[in-house]
Amino acid sequence: MKIGFDVSDLATDRADGTTRYTFELAKRMSSLSADNEWLFFSSDSLSKKYSLEGDKRRLVVSKWPKYWTQLRLPWDLFRLKPETLFMPIQQIPYVRPSKMKTVAVIHDLAVHKYPEQFNFKDWMLLHVFSAYVARRADKIIAVSQATADDIERYYGRTEGVSVVHHGVDHNQFKQPKDEQEKDAVWDKITSTYPIISKPYVLYVGQIQPRKNLVRLIEAFDQIADKDNELQLVIAGGHGWLKKETVAKAGNAKHKDRVHMIGAVPDELLAGLYWNADVFVLPSLYEGFGMPILEAMACGCPVVTSDVSCMPEVAGGAAILINPSDVKAIAGGIRTARQNKE
């Protein structure tokens, strides 16, 4: 079988869950199903860290300035004729070969729950493309049961929808083999980010309103009133509508101990989890919440929200809090730190 796979996300400079998901699936699916021919379609060249070409694996790069998925990818589909197209995003081309099957992933439907947290262009495109996927994709992968429930709630579709949870790369996200390894990575972290010191509370993810970071900073301020050493480390780059979060960090009561360090290189990320007192994901809504798995794999205590998919993903191994209650977030962090001691 000839299988097409959209890897255009890897041609961007983003470092988020969808990008990691795309790369891990591309390299693992093509290895597990090596008898098939794989065509990896991209809107631009990929960096060396995203090496995908090999036996029966071909990277098809077709540069295009805008709307590549709808205006350029269809040309390659008609030209190379894959039998199945896998889209790791919630979008499929409107124009495509009639005999080609489509499989698309819906990561979340936050655009329905928190429309005010999107600019108009993204709001409109997400509505249009998600609805089209729900109507026309031959198969849909929902990354959690909560997302599958949302697909049914907003689009009425249950047939052909499969729940496939995210995995985690245990070669990268694992506990340190010994204290020496942990200390060595910590030395690299402090060399790269000299402002960070232990103890600290950690957040990893995009900077956007539904991640609820304003309340996390307020909760940290409550704890920091009685803990003169604790820091809050916010690790995340790509996002949108983040001015309120940045302003809150800059005006926090203990702003000298709130550090927004941007996207962290993969080689340091596990060490950041290893050395944290607790990882916190206080989101108002998630489709999955991949950092929950990463933190757990690294042995870091987790505090996360009791809404949408997060209880499903945590599986009883995290402290669950009401994300709308600052005191509850602070209480969850305190409890996690006490349990660790």
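Look above for the structure.
All of the points below concern the structure found in this document. Here the structure is a predicted model, which is why all the values come from computation and not from measurement. (Residues numbered from 1 in each chain as written. Predicted model: local features only at pLDDT ≥ 70, side-chain atom pairs only at ≥ 80, totals over all residues. Heavy atoms only, no water.)

Two quantities define a packed helix pair, namely the angle between the axes and the distance from one axis to the other. Taken N-terminus to C-terminus, the directions of helix α7 (residues 179–192) and helix α10 (residues 266–275) make an angle of 105°; their axes are 9 Å apart at the nearest point. Classified by the angle between their axes, α7 and α10 sit roughly perpendicular to one another. Between α7, through Glu181, Lys182, Val185, Trp186, Lys188, Ile189 and Thr192, and α10, the contact on the second element is made entirely by Leu268, Gly271, Leu272, Trp274 and Asn275. Class assignment for the residues of the contact of α7 with α10 results in 6 nonpolar, 3 polar and 3 charged. (Axes fitted to C-alpha atoms, helices over the stretch in contact; angles between N-to-C directions. Helix = DSSP H or I, 4+ residues; strand = E, 2+ residues; numbered from the N terminus. Parallel < 35°, antiparallel > 145°, perpendicular 65-115°, else oblique. Contact = heavy atoms within 4.5 Å. Nonpolar A, V, L, I, M, F, W, Y, C, P; charged D, E, K, R; others polar.)

Attention shifts here to the pattern of salt bridges. Think of it this way: side chains of opposite charge can pair up when their charged atoms draw near. If you walk through the whole model with that rule in mind, you get 16 salt bridges. A salt bridge links Asp76 to Arg72; the shortest N-O distance between them is 3.1 Å. For Arg72, a relative accessible area of 17% translates into the label buried. A salt bridge links Asp277 to Arg337; the nearest nitrogen and oxygen atoms lie 2.9 Å apart. Here the residue Asp277 occupies a position in the loop between α10 and β11 (278–281), and Arg337 occupies one in helix α13 (residues 326–340), the gap between them amounting to 60 residues. Given the relative accessible area of 16%, Asp277 is considered buried. Classification of Arg337 as buried rests on a relative accessible area of 15%. One salt-bridge network, in which partners are shared between bridges, spans Glu24, Lys27, Arg28 and Asp169. (Salt bridge = Lys/Arg side-chain N within 4 Å of Asp/Glu carboxyl O. Buried < 20%, exposed > 50% of the residue type's maximum accessible area, 1.4 Å probe, protein only.)

What you see with strand β4 (residues 84–87) is no split at all: Thr84 and Phe86 on one side and Leu85 and Met87 on the other are buried throughout. Note: β4 against strand β5 (residues 101–106), 4 bridges, orientation parallel. Across the sheet, the residue bridging to Phe86 is Val103, located in β5. (Pairing = 2+ DSSP bridges.)

The strands making up a sheet associate through hydrogen bonds between their backbones, and the pairing can be parallel or antiparallel. The strand order across the open sheet formed by 7 strands is β3-β2-β1-β4-β5-β6-β7, and the pairing between neighbours is parallel. Of all strands in the sheet, those bounded by a partner on one side alone are β3 (57–61) and β7 (161–163). Taken over all neighbouring pairs, the strand axes of this sheet differ in orientation by 20° on average, direction set aside.

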